[in-house]
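Coordinates in review
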Amino acid sequence: MSEMNISAFLKKKIENFNVAPVEYRLGTVTRVGDGVVRVKGLPERLYGELLEFGGGVFGMAVDLEEDGVGAVLFDNADKVSVGDPVRGTSTVTEAPVGEALLGRVIDPIGRALDGKPLSVEKYMPTERPAPSIIERSPVNRSLETGILAIDSMIPIGRGQRELIIGDRQTGKTTIAIDSIINQKNSGVLCVYCAIGQKASNVAGIIDTLTKAGAMSYTVVVAATASQSPAMQYLAPYCACTVAEGFAATGKDVLIVYDDLSKHAVAYRTMSLLLHRPPGREAFPGDVFYLHSRLLERSACLSEELGGGSITAMPIIETMSGNLSAYIPTNVISITDGQIFLESELFHSGVRPAVNTGLSVSRVGRSAQRNAMKAVSGSLRIELSQYREMAVFARFGSDIDSATKSMLDKGECLVNIFKQGKGCPYSLFDEVALLLAYKSGKLVGTKQNQYAAVTEALLSFLHEKCSAVMNEMNLSGDMTEKQREEIEKSIAEWSYENE
Ligand code: ATP
Ligand code: MG
C-alpha cells in the first residue's frame, strides 16, 4: 500500500469510528474496616450487587441507604482505603453452572480453587427464589445413603431436607460423605459445600472423595475459616445455585451444607460489623430467614420442569447435645426430619452414633424402596423396647427367658447397625442383614466378632444369591420367592464353615 493509500484508509476508518459511551455508576468509599465498607453516592444500586473497588477487589452491597450503601468485601480488604472510587457492576453475585463443574473445587464467587482453568458458559444469580407449590411434586423416590441404620429407620427421599445434627466429632461429616460416595451408580450428582472449616479438613474430604472415585460426579464449593465472613455467608447460596443448574436439566442432586452453625456465625459477624441490631444470642433478627430461604430451594420438581430434584443434608453442630439452642431449633423446624448423633453412643463404640429415638424422617417413609419396606417395619419399636428393657435389666440378675431372648435380639440389632466409614451397603446387603437379624441366626455372636461375621455372611450371600442380588439392586423390589431364597441361604450358612 502506498503512503497516500494508507492515509486515505486511516481517514476513512476514523470517520466511521463510533463507540457507544459506557456509563459507569460510581461512588466513593467513606469508611472501611473489618471487611465492611460504607460507600457514598452510587445511584440506582441493587441489593446484592457486585461492587468493584479497583485492584481486583470485589464486594457485595448488603445495606441500601438513602445516600449510599453498606457493603462487605470478599477478600483483599487491606487494599481498599477511604476515598477510593467504587464501581457498580449492575449485576448481582452469580455462580457458574453446568457439567463443566463436575470434579472441580470452586469458591463462592465462582473462581476455581484447584489450580486448573475453569471455562463455563452459563452463570445464574446466587440468590434465587424457591420453586412455588405448583412447580413441585411429592417426594416419592428414595435416596439411599448406604448406611443401614438410616436407610432402614430414617429413610430419605429425593427432594427432602434431612438435617444431620450432633455435637462436635460425632461423625456428622462422615455420614454426609458416605452418602455422597454411595451415589456412585445411582445417577445422583452431588454438591459438597464447606463453610468455615479448616482448609486442611476440606483438603482431607476432597482426598477421601477422590480416592472413592466420587469426584467425577461431585462439585465442592469451599469457603474456609480464614476467608471473610462475606465469602462464608455466600457459600451455601452459591452451592445451591450450582445444584439448581443440574436440577434444571432433570438431574437428581444431593447437596451437603457443612455446616450451617458456622454459616449463622459468619452472618452474625457480618451483621454486627454492619451495625445491625443484635437479637437473641446476638444473632440479627432475620437469621431464621437466612436458612429458610436457602433450604426452601431444595425440592422435587414437577414433570413439566423436568422432574429433577435437590435433596439437602444441612449439618448443625450442637453444644453438649442441646437441641433447644436458637439455631438448632430454627433449622429443625425448617427441615423434614433430623438424624441426631450422640457423643455418648459414639464413644461407646456405636458408630454411626444415631439416636433412633430422637431421629425422624417426616416424608422419607413413603419413598422407601419396597424390598426395604418389607423388612424394616418394626425395627424402631424393637430397638426402643430393647433400650427400655436394657435399663431395667441392669438392676437385677433375675431375668426370665422371654426377656433374655429379647435383650439378646436387641443387642444383635445394635451391633448389625454398627458400620465403618467409607463402606456403604447396597440395597441387597441391607435387606440380607435385616433378614439375618430376623432369623435369629446372628444372636449370640461375640460383640467383637460382628464385623467379621457380617462380612463373611455377606460375601457368602453375594456368591450364593447373585441373581437375586442383581435383580433387587436394580428393581428395588423383593418377591416372596426371592425372600425365601435368601432366608434359605442364611439358614444354610454358618460362620465356622468359612
Ligand atoms: P466436626 O465436629 O469436627 O466437624 P464431625 O461430627 O463432622 O466432626 P467426623 O469428622 O465425621 O465428625 O468424624 C469424627 C471422627 O470419627 C473421624 O476421625 C472419623 O474418622 C471417625 N468416624 C466417624 N464415623 C465413623 C464410623 N462409622 N466408624 C469409624 N470411625 C468413624
Ligand atoms: Mg464435620
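Note: the structure precedes this text.
Throughout this description, residue numbers start from 1 for each chain and increase along the sequence as written. Here the convention is simple: chains get letters from A, ligands get numbers from 1, in the order in which they are written. The model is predicted, so local features are restricted to residues of pLDDT at least 70 and side-chain atom pairs to those at 80 or more, both for listing and for counting; the totals for chains, interfaces and linings are taken over all residues. By convention in this description, side-chain values take in all heavy atoms of the structure and omit both hydrogens and water.

Between any two strands, at least two bridges found by DSSP are needed for them to pair. Think of it this way: any DSSP run of H or I at least four residues long counts as a helix, any run of E at least two long counts as a strand, and we number them from the N terminus. Spatial ordering of the open sheet is given by β8-β12-β11-β13-β14-β10-β15-β16, a layout of 8 strands whose pairing is mixed. The open sheet has two edge strands, β8 (105-106) and β16 (360-361), and neither has a second partner. Across 3 bridges, the pairing between strand β10 (residues 163-166) and strand β14 (residues 309-317) is parallel. Bridge pairing in β14 links Ile164 to Ile315. Residues count as neighbours in contact if any of their non-hydrogen atoms are within 4.5 Å of one another. Only the stretch in contact is used when a helix axis is fitted, and all axes are lines through C-alpha atoms; the angle between N-to-C directions ranges over 0 to 180 degrees. The strands that helix α6 (residues 260-273) touches are β11 (189-195), β13 (252-258) and β14; relative to β14, the one it contacts most, it runs at about 75°.

The next point concerns the site of ligand 1. We call a residue near a molecule or strand when any one of its heavy atoms sits within 4 Å of it. The environment of ligand 1 is formed by 14 residues, the closest being Gln169, Lys172, Thr173, Thr174 and Lys421. Residue Lys172 places a side-chain N or O atom 2.8 Å away from an oxygen atom belonging to ligand 1. For ligand 1, an oxygen atom lies 2.5 Å from a polar atom in the side chain of Thr174. Look at ligand 1: alone it shows 630 Å² of surface, and the protein chains cover 74% of it. If one sorts the elements of the shell around ligand 1 by residue count, helix α3 (residues 172-181) sits on top with 3 residues. Think of it as three bins: nonpolar holds Ala, Val, Leu, Ile, Met, Phe, Trp, Tyr, Cys and Pro, charged holds Asp, Glu, Lys and Arg, and polar takes everything else, Gly as well. Partitioned by chemical class, the residues of the shell around ligand 1 number 2 nonpolar, 7 polar and 5 charged. Polar contacts here mean pairs of N or O atoms no more than 3.5 Å apart (in protein, one a potential hydrogen donor and the other a potential acceptor; neighbouring residues in sequence count only if both atoms are side-chain atoms). Each accessible area value is a Shrake-Rupley result obtained with a 1.4 Å probe; residue values ignore everything except the protein chains displayed when judging cover.

Right, let's get into the side chain of Thr356. Its location among the elements puts Thr356 in the loop between α9 (343-347) and β16. In contact with Thr356, not counting residues within four places along its chain, are Met153, Arg380 and Leu383.

This paragraph deals with the packing of aromatic side chains. To pair, rings of Phe, Tyr and Trp, with the six-membered ring standing in for Trp, must have centres within 6.5 Å; the planes then decide the type, stacked if under 30 degrees apart, edge-to-face if over 60, and tilted in the middle. Considering all chains together, one arrives at 4 aromatic pairs under this definition. For the ring pair Tyr233 and Tyr237, a centre distance of 5.5 Å and an interplane angle of 55° mean the geometry is tilted. Taken as a pair, Tyr233 and Tyr237 lie in helix α5 (residues 229-247) at a separation of 4 residues, close to a single helical turn. Only protein chains enter the accessibility calculation, which uses a 1.4 Å probe; a residue is then buried when its area is under 20% of its type maximum, exposed when over 50%, and partly exposed in between. What makes Tyr233 buried here is its relative accessible area of 3%. With a centroid separation of 5.3 Å and 20° between ring planes, the pair formed by Tyr233 and Tyr267 is classed as stacked. One end of the pair, Tyr233, is in helix α5; the other, Tyr267, is in helix α6, and 34 residues separate them in sequence. For the pair Tyr233 and Tyr267, a shared accessibility class is recorded, and that class is buried. Among the aromatic side chains, those forming a connected cluster through ring pairs are Tyr233, Tyr237 and Tyr267.

On to unusual backbone geometry. Between Asp258 and Asp259 the backbone carries a cis peptide bond, its omega angle lying at -5°. Among the secondary structure elements, Asp259 is positioned in the loop between β13 and α6. Phi at His275 takes a positive value of approximately 65°, unusual for a residue other than glycine. Structurally, His275 is set in the loop between α6 and α7 (287-295).

Right, let's get into the pattern of salt bridges. Oppositely charged side chains are able to pair whenever their charged atoms sit close together. The working definition used for a salt bridge is a side-chain nitrogen of Lys or Arg within 4 Å of a carboxyl oxygen of Asp or Glu. Across all of its chains, the model carries 22 salt bridges by this definition. With a closest N to O distance of 4.0 Å, Asp63 and Arg38 form a salt bridge. Within this pair, whereas Asp63 is found in strand β4 (residues 58-64), its partner Arg38 is found in strand β2 (residues 36-41), the two being separated by 25 residues in sequence. Each member of the pair, Asp63 as well as Arg38, carries the same accessibility label: buried. Of the charged contacts, one joins Glu65 and Arg38 as a salt bridge, the two residues approaching to 2.4 Å between their closest N and O atoms. Linking Glu65 in the loop between β4 and β5 (68-73) with Arg38 in strand β2, this pair joins segments that are 27 residues apart in sequence. When salt bridges with common partners are traced through the structure, they connect Arg38, Asp63, Glu65 and Arg276 into a single cluster.

Two elements in contact, helix α13 (residues 427-439) and helix α15 (residues 466-475), have axes separated by 8 Å at closest approach and are oriented at 115°. Looking at the two axes, α13 sits roughly perpendicular to α15. Taking contact as the criterion, the partners of Leu427, Phe428 and Val431 in α13 are, on α15, Val468, Met469, Met472 and Asn473. When the residues that make up the contact of α13 with α15 are grouped by side-chain class, the tally is 6 nonpolar, 1 polar and no charged. Throughout this description, any angle smaller than 35 degrees is read as roughly parallel, any larger than 145 degrees as roughly antiparallel, any in the 65 to 115 degree range as roughly perpendicular, and the remainder as oblique.

What follows deals with a nonpolar patch on the surface. To count toward a patch, a residue needs a relative accessible area over 30% and no salt bridge; like charges are then connected within 9 Å, while nonpolar side chains (Val, Leu, Ile, Met, Phe, Trp, Tyr) are connected within 5 Å. A cluster of nonpolar side chains, contributed by Ile6, Phe9, Leu10 and Ile14, occupies part of the molecular surface with about 400 Å² of accessible area. Along the chain, Leu10 turns up in helix α1 (residues 3-16).

Attention shifts here to the sheet that holds strand β6 (residues 85-92). If you walk around this closed barrel you meet the 6 strands as β1-β2-β5-β4-β3-β6, and the pairing is antiparallel. In this sheet, adjacent strand axes meet at a mean angle of 45° when their direction is disregarded. Of the pairings in the sheet, the one linking strand β1 (residues 25-33) to β2 comprises 6 bridges and is antiparallel in character. Residue pairing for β2: Gly27 is matched across the bridge by Gly41.

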